[in-house]
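What the coordinates show
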Amino acid sequence: MTDTSNLAAKMDVDEAAIDEGLYSRQLYVLGHEAMKKMAASNVLIVGLQGLGAEIAKNVCLAGVKSVTLYDPEPVTIQDLSTQYFLRESDVGQSRAEATLPRLAELNAYVPVRLLKGLTGQEISVELIQGFQAIVLCGVSYAKQLEINDWTHANGVHFIAAETRGLFGSAFTDFGPKFTCVDPTGEQPLSGIIASIDKDKDGLVTCLDETRHGLEDGDFVTFTEVQGMEELNGCKPRKVVVRGPYTFEIGDTSNLGDYTRGGIFTQVKMPKIIEFKSLRESLTSPEFFMTDFAKFDRPATLHAGFQALSRFKSQFGRLPRPRNAEDAASLVTLAKKIDADADEKTVTALAYQATGDLAPVAAVIGGFVAQEVLKACSAKFHPMVQHLYFDSLESLPSTTPTEQDCQPIGSRYDGQIAVFGKAFQDKIANHRQFLVGSGAIGCEMLKNWSMMGLATGPDAMIHVTDLDTIEKSNLNRQFLFRAKDLGKFKSEVAAAAVAEMNPALKGHILCKQEPVGQGTESVFDDAFFASIDGVTNALDNVAARLYMDQRCILYEKPLLESGTMGTKGNMQVVIPHLTESYASSQDPPEKQTLSCTVKNFPNAITHTIEWSRQEFDAMFVKPVESVNQYLSEPNYLENSLKYSGQQHDHVEQIVSYLVTNKPLTFEECIVWARLQFEEKFSNAIKQLLRSLPKDSLTSTGQPFWSGPKRAPDPLVFNSNDFTHLSFIIAAANLHAFNYGLRGETDPAIFKKVADSVIVPEFSPKSGVKIQVNENEPVAQSTSDPDDISGLVKQLPSPSSLAGYRLTPVEFEKDDDTNHHIDFITAASNLRAMNYNIPIADRHSTKQIAGKIIPAIATTTALIVGLVCLELYKIIDGKNKLEEYKNGFINLALPFFGFSEPIAAKKNKYGTTEWTLWDRFEFKNDPTLKEFIAWFKSTHNLEISMVSQGVSMLWSSFVGKKKSDERLPMKFSKLVEHVSKKPIPPHTTHLLVEIMASDEDDEDVEVPFIIVRI
Amino acid sequence: MSLTPATMRRLMRELTELRNSPPEGIRVVTSEDNMLDVTGIIEGPEGTPYAGGYFRVRFKFSEEFPAAPPKCWFATKIFHPNVSSAGEICVNTLKKDWKSTYGIGHILVTVKCLLIYPNPESALDEEAGKLLLEDYESYCSRAKLITSVHATPRTRPPEFDIPASSSEASTSIAAASPAISLPPQPITLPVPSSLSSPRKSTSPSPPSQPLQESASNTLPSSLSSSSLSGKDGKDRVTSPSPLGTADSNVAGPANTSAAAAAAATKAVKRSAAPGTGLEKRKKALKRL
């Protein structure tokens, strides 16, 4: 990434390899196949205002062969409403030329080219030769038709898009016969089979009552079927679903007799999509719904956007902001196209026609960019064929006047045209706390800078992110460049957006603090008093839950969002109105049974999980134990408390510190070779000794059947790539533990590994306890004498003063550290044991590293939607139906909006309350006063009081403790029970109680704030 | 580590309930300064090789609780097909069948069930699984041996001085001796609400091999019915008196003494335990 120009030149060839370091997260969304096709596609983008720039940005980040820009028109100050690649100094220059250098910085692999034109020169068929995909932004319908007629006939993919105020539109035409290779983006389903009927309509039953998840019309093929062998590797058979556990696969009557086993795997069938040309589509449009609550709107906007185009050619300009006369003209034009067009909507469109909003550009730009990638890669289902979007709900409750919406010659004119100058001032004075400055955070700051958020004299944006910039971030966190690697995200992001809009200089405060209990002195009462709302841009549930709680406590609105691959969601949390983030959580991923991982894997995910555990068990935990033994006095004595495991524990320390401690790297190789034998041969032999392949279950069925695959031990072969990979990775990691220098030359490993004398397998006696048989058993619950023998082998910690081993810290993104290499090799060797198809390093890395797939398009869109809700928060809307939660999936594509759920009402006595209510005590009351207050004021009998994880008092605590605690002030009581001092910055304690009413019924009550 | 207030309230409620009316043979210990530091103690069910043992099960709650199950493992060594040497427990309830409505009590009752109905088909300890499938006697004696060595304290944990919910009517002294305080059907599973289908919840095995079938093959059929009289003559899982008779040299004296001198339970136990352990060991070693 250092020599940009060279790299770009080198990469501008079809066979270019894909930079997995840069594209890591996106590869997990698109896959190598799709990205290779993208790397062969030249994309032309016409019209470089905010929308065009957003599309170009996302396409550049995603990586295509080249991006070419066409827009010879001069930059105006109004363009700066949304076009974040332009600066005030660019006014007057051609838009494409001014944009190009900043766009070209985004991705060294994507050359950005200029298609020259003269001011006033529209795009033409002559200019668009040699591109695989063409995107027209804000181009007249007449021109769109001219270009589309040609592209439709010539196999070029065509997209047109436009944004007007809170409205957006997009049209796709990928030709009369477009083949989509993956219409859903979901992983192919597969499952284990219990039986297949031999029948005209062969019925397949899945094992274990596991849902097959297939739908009618899906295709499947089979492996490992016994008896009906013809099905193995058969041509994809069409599925008819009969039930959640059963489906039919057509005639199986002339096949063999099914005996047992078998796995079905879904086969993705290409889908042919017949696009209409724009000319045809304008008269018989097919609409893609963005909001099912606005069912009639697409038809109206279909007419409205065409009418706008006619208006512009007729009057030489767009309708003026909130101008009634122009609006009436537009309505007339629209009614000519579609007599049923809704007058109110068309009027709103006219009012906002000169409006230009960054959030809308982000929504449409993110969406259209994904359509470009679909056109280039055939991956995911394209949008068919017209999209119309609006967020009229974002308008302020008080309608701005015509006067208020007039342009003032500022960069915010696009926003003022929609919301008015008065609301612009509100935006400028709004103060947000952005938690996280990664993918979502970068997009958020970009939109905020365009909106002019917090540019007012006393306003401030607070950003915190503890992370530094890594290479895999550069693919979508577009405020970061290669030169920023290693710097703090929050600082680089803040500097980047302050350059986009200099009015933000000095209005962004950056921190590198994680949010959590440990930083409550930083994000304290005063801090929360200084902000108007919180926007989460987080990547983990724990921090989201924590911020949710803080927002409840301080009664701040919270904007929450997240993405996973092509899916994204956003949620609005409004104090005293909606439920909170924690109220309805997604269920976390189901975990795998430990016995499946330990003894009965049947899928590569199981062997990867095993391998990840082995990584810790070989290179982390024993090493940490050794260090603890060496550094903590009485470590062994303390660890003995955990009866049942102490023997293994001490044995491990002895092994790592004494018996197997390597002095040379060669010894590490020997160790690795013996580990291979232990893990992939001896352990399997031992298991088969206990449970031979012909074992029967208690019901007389073969033990090794269904989800249990009988394993086979491996025989080491240094010529086998996977075998040797394991040795190389394991030896290097072992060497790392001991500070020995590693090696990578395979020849050395081969030589040493082949020379190792491997002891014969001797079955373990299962009864470790026998060692102890002469001891009187009842003396103790642990076996101190047994351990003492082992302990004697250990050198005393003082004899090794200062000596420490180095535990490995798992890092998935460093390709030279052998971590993922080890996990891949170990997982695949185990897969070989169990005859499970192996996985490549790339897929193993995703599963082992729990990597969430990510792509810039989804993030841009979701963040756009978040900002459309932010307008409402700034306006102070207070009705549930005025807000929207959203869910999208760009792969299908799909948009879904819903009204936020109201905060649940609870009740004690006659008092209704929600999660937003609380009791508040001032002046640090005593426990006795506290309990008495509930009794006298609310007639509630308290049976338990807790603070944090401490149980301060309960009715069964005993008289002595009660007498001691009741007179204590809360601050004292908390310190007394938690045995920890209250941090000095603490001003209040959050207290929970259990209480019952006069009928002795348990009642739920709000939480309690005790000021101290 | 931060659980939501609602989750803390819920835990508080459950801990109180478990303390005030614990399920039969199950107690929960927590500490005042950290309510999340939860340890369950399961009394080895009578009639199983775990009888006489007290098994500690530790809990660790993540931020995602109760959406995600807590981490849960045996801190006491146990010989059981579904428990690994590191104490991991292989049970669907703690993994794929987890529901956010489940709590500590449900888990402990499920684990207790697992002590009664071990499931060799999802073995974590394959040695134990093999024995259970092939040689019940050996499995039993080995499990008894480990129980006596690692899980049988000199005195019963004091938590069991508080009576269980199902025996609240009996006096605390009677309740102190589990063998006596048990109702006629000693392995009646407590907390029926959370255990509407205990077998299903403990069984990771496929429906084609439902656990009750395997249980009826490996364990006395009486277990799968509600009658637990041990009428099939085998003494593996039976009511106290048949156990006392059939295995009188082992469990008999302890139980009888305890019955006779209920007030001095602890002392009796202390003296009885070594004998019990030795006897069991001798028997077990003979078979090995």
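Residues numbered from 1 in each chain as written. Chains lettered and ligands numbered in written order. Predicted model: local features only at pLDDT ≥ 70, side-chain atom pairs only at ≥ 80, totals over all residues. Heavy atoms only, no water.

Under an unreviewed UniProt entry, the name given to chain A is Ubiquitin-activating enzyme E1, and the organism recorded is Leucogyrophana mollusca.

1. Thoughts on the overall build of chain B
If you tally the helices and strands in chain B, you get eleven helices and four strands. Across the 288 residues of chain B, 58% fall into the buried class. Across chain B, contacts joining residues at least 24 apart in sequence account for 64% of those joining residues at least 6 apart. Carbon and sulfur atoms provide 54% of the accessible area of chain B, an area that totals close to 10500 Å². (Helix = DSSP H or I, 4+ residues; strand = E, 2+ residues; numbered from the N terminus. Buried < 20%, exposed > 50% of the residue type's maximum accessible area, 1.4 Å probe, protein only. Contact = heavy atoms within 4.5 Å. Areas by Shrake-Rupley, 256 points an atom, 1.4 Å probe, with all protein chains shown as cover.)

2. A short note on the overall build of chain A
For chain A, the count of helices and strands is 31 helices and 33 strands. Projected onto the principal axes, the alpha-carbon positions of chain A cover approximately 105 × 80 × 60 Å. For chain A, the residues scored as buried account for 56% of the 1012 residues in total. Sequence-distant contacts, at least 24 apart, represent 72% of the contacts inside chain A between residues at least 6 apart. Roughly 41100 Å² of accessible area belongs to chain A as shown, and the carbon and sulfur atoms make up 52% of that amount. Taken as two groups, the 100 positive and 129 negative side-chain charges of chain A have centres that lie 1 Å from each other. (Lys, Arg positive; Asp, Glu negative; His and termini not counted. Charge placed at Lys NZ, Arg CZ, Asp CG, Glu CD.)

3. A closer look at the sheet that holds strand β23 (residues 567-573) of chain A
The strands that make up a sheet pair up through hydrogen bonds in the backbone, lying either parallel or antiparallel. Residues and elements named next belong to chain A. Taken together, eight strands build an open sheet; the order of strands is β20-β19-β18-β21-β22-β23-β24-β25 and the sheet is mixed. Pairing within the sheet leaves two strands with one partner each, and these edge strands are β20 (508-511) and β25 (894-898). With direction set aside, neighbouring strand axes in the sheet form an average angle of 10°. Pairing geometry for strand β18 (residues 432-435) and strand β19 (residues 461-464), over three bridges, is parallel. Its bridge partner being in β19, leucine 434 is matched across the sheet by valine 463. (Pairing = 2+ DSSP bridges. Axes fitted to C-alpha atoms, helices over the stretch in contact; angles between N-to-C directions.)

4. Thoughts on the sheet that holds strand β1 (residues 42-46) of chain A
Residues and elements named next belong to chain A. Judged by pairing direction, the sheet is mixed, and its eight strands sit side by side in the order β3-β2-β1-β4-β5-β6-β17-β16 without closing on themselves. The open sheet is flanked by β3 (112-114) and β16 (287-288), the only strands paired with a single partner. Packing against the sheet, helix α4 (residues 95-104) makes contact with β2 (66-70) and β3, and its axis sits at approximately 165° to β3.

5. Some points on a nonpolar patch on the surface
A contiguous nonpolar surface patch, about 500 Å² in accessible area, is contributed by Phe292, Phe295, Phe887, Leu892 and Phe894 of chain A. Considering the arrangement of structural elements, one finds phenylalanine 292 of chain A in the loop between β16 and α7 (297-315). (Patch = residues over 30% accessible without salt bridge, like charges linked within 9 Å, V, L, I, M, F, W, Y side chains within 5 Å. Salt bridge = Lys/Arg side-chain N within 4 Å of Asp/Glu carboxyl O.)

6. Remarks on a negative patch on the surface
Taken together, the side chains of Asp467, Glu470, Asp539, Glu809, Glu811 and Asp814 of chain A make up a negatively charged region of the molecular surface. According to the relative accessible area criterion, glutamate 809 of chain A is exposed, its value standing at 71%.

7. Concerning the packing of helix α23 (residues 721-737) of chain A against helix α26 (residues 819-833) of chain A
Residues and elements named next belong to chain A. Contact geometry for α23 and α26: axes closest at 8 Å, N-to-C directions at 140°. Classed by the angle they form, the pair α23 and α26 counts as oblique. The way α23 lies across α26 gives a crossing that is left-handed. In contact with Thr722, His723, Ser725, Phe726, Ala729, Ala730 and Leu733 of α23, α26 contributes His819, Asp821, Phe822, Ala825, Ala826, Asn828, Leu829 and Met832. Looking at side-chain class alone, the contact of α23 with α26 contains nine nonpolar, five polar and one charged residues. (Parallel < 35°, antiparallel > 145°, perpendicular 65-115°, else oblique. Left-handed = near helix turned anticlockwise from the far one by under 90°. Nonpolar A, V, L, I, M, F, W, Y, C, P; charged D, E, K, R; others polar.)

8. A closer look at the nonpolar core
All names here are of chain A. Ranked by size, the top nonpolar core spans 160 residues in total, and within it Ile55, Leu69 and Trp448 carry the most contacts. Residues in contact with isoleucine 55, not counting those within four places in the same chain, are Ile45, Val135, Cys137, Gly365, Val368, Ala369 and Val372. Membership of the second largest hydrophobic core comes to 70 residues, among which are Val650, Val654, Phe822 and Ile836. (Core = buried A, V, L, I, M, F, W, Y, C linked by side-chain atoms within 4.5 Å.)

9. Let's talk about the environment of isoleucine 77 of chain A
All names here are of chain A. Locating isoleucine 77 in the fold gives a position in the loop between β2 and α4. A residue is classified by how much of its surface remains accessible, and isoleucine 77, at 21% relative accessible area, is partly exposed. Not counting chain neighbours up to four residues away, the residues in contact with isoleucine 77 comprise Glu88, Val91, Gly409, Ser410 and Arg411.

10. Quick word on the confidence of the model for chain B
Residue and element names in this part refer to chain B. Averaged over chain B, the pLDDT score is 66; the fraction of residues at 70 or greater is 56%. Every residue in residues 166-288 scores below 50 in pLDDT, and together they form 181 contacts with partners more than four places removed in sequence or on other chains. For this predicted complex, the interface confidence comes out at an ipTM of 0.83, alongside a pTM of 0.86. (pLDDT = per-residue confidence, 0-100.)

11. Some details on unusual backbone geometry
Excluding glycine, residues mostly have negative phi values, and the peptide bonds linking residues are mostly trans. A cis amide bond links valine 384 of chain A to the next residue, glutamine 385 of chain A, at an omega of -15°. Cis geometry is adopted by the peptide bond preceding proline 66 of chain B, which originates at phenylalanine 65 of chain B and carries an omega value of 5°. Along the chain, proline 66 of chain B turns up in the loop between β3 (54-60) and β4 (71-74). A positive phi angle, close to 60°, is found at histidine 576 of chain A, a residue other than glycine.

12. Here's the deal with the confidence of the model for chain A
Residues and elements named next belong to chain A. Across chain A, the average pLDDT comes to 92, with 95% of residues at or above 70. Counting interchain partners and residues more than four positions distant, the pLDDT-below-50 stretch residues 1-15 has 20 contacts. Here residues 767-785 is a poorly scored stretch, pLDDT under 50, and it has 30 contacts once near neighbours within four places are set aside; other chains count.

13. Regarding the side chain of histidine 819 of chain A
All names here are of chain A. In this structure, histidine 819 sits in helix α26. Polar side-chain contacts of histidine 819 include one of 3.1 Å to the backbone nitrogen of glutamate 811. Apart from the residues lying within four places of it in its own chain, the contact partners of histidine 819 are Phe615, Leu733, Val808, Glu809, Phe810 and Glu811. (Polar contact = N/O pair within 3.5 Å; in protein donor to acceptor, adjacent residues only side chain to side chain.)

14. Re the state of the cysteines
Applying the stated criterion across every chain yields a total of one disulfide over all chains. The cysteine cysteine 234 of chain A is free of any disulfide, with cysteine 206 of chain A supplying the nearest cysteine sulfur at 15 Å. (Disulfide = S-S within 2.5 Å.)

15. A few points about the pattern of salt bridges
Residue and element names in this part refer to chain A. Tallying each qualifying case throughout the model produces 62 salt bridges over all chains. Glutamate 393 serves as the salt-bridge partner of lysine 884, at 3.4 Å between the closest nitrogen and oxygen. Of this pair, lysine 884 sits in the loop between α28 (856-875) and β24 (885-889) while glutamate 393 is found in the loop between β17 (386-390) and α11 (413-419), placing the two residues 491 residues apart along the sequence. On the basis of relative accessible area, lysine 884 is assigned to the buried category, the value being 14%.

16. What about the pairing of strand β10 (residues 219-223) of chain A?
Residues and elements named next belong to chain A. When you tally the buried positions in β10, you get four out of five residues, the bulk of the element. With two bridges connecting them, β10 and strand β11 (residues 237-238) associate as antiparallel partners. Across the sheet, valine 220 pairs through a bridge with arginine 237, a residue of β11. As defined by bridge partners, β10 adjoins strand β14 (residues 263-267) across five bridges and the pair is classed as antiparallel. Looking across to β14, one finds that threonine 223 is bridged to isoleucine 263.

17. Re the side chain of arginine 918 of chain A
All names here are of chain A. Mapped onto the elements of the fold, arginine 918 is located in strand β28 (residues 918-921). On the basis of relative accessibility, which here comes to 19%, the residue arginine 918 falls in the buried class. Here the side chain of arginine 918 touches tryptophan 916 through a polar contact of 3.1 Å, landing on its backbone oxygen. Apart from residues lying up to four places away in sequence, arginine 918 is in contact with Ile552, Leu553, Glu555, Pro1006, Phe1007 and Ile1009.

18. So, helix α29 (residues 927-938) of chain A
Residues and elements named next belong to chain A. Under the 1.5 Å per step criterion, the end-to-end length of α29 is 16 Å for twelve residues, consistent within 8% with the ideal 16 Å. What α29 keeps buried is the set Leu927, Phe930, Ile931 and Phe934. In an axial view of α29, the angular spread of the buried residues amounts to 95°, which keeps them on one side of the axis. Set apart from the buried face of α29 by more than 90 degrees, the exposed residues are Lys928 and Ser936. Phi turns positive, to about 55°, at asparagine 939, one or two residues after α29. (Expected span 1.5 Å × (residues − 1). Arc of directions from axis to C-beta.)

19. Brief notes about the packing of aromatic side chains
Residues and elements named next belong to chain A. Under the counting rule described, the total for this entry stands at 58 aromatic pairs over all chains. With centroids separated by 6.1 Å and ring planes inclined at 65°, the aromatic side chains of phenylalanine 158 and phenylalanine 171 adopt a geometry described as edge-to-face. With phenylalanine 158 in strand β5 (residues 157-164) and phenylalanine 171 in strand β6 (residues 167-173), this residue pair connects regions lying 13 residues apart in the sequence. Pair check on accessibility: phenylalanine 158 and phenylalanine 171 agree, each one buried. Ring geometry for phenylalanine 174 and phenylalanine 178: centres 5.1 Å apart, planes at 65°, overall edge-to-face. This pair shows no difference in class: phenylalanine 174 is buried, exactly as phenylalanine 178 is. In this arrangement the basic side chain of lysine 708 is found over the ring face of phenylalanine 703, its NZ or CZ atom lying 4.9 Å from the centre. (Phe/Tyr/Trp six-rings, centres within 6.5 Å; stacked < 30°, edge-to-face > 60°. Lys NZ or Arg CZ within 6 Å of the ring centre and 35° of its normal.)

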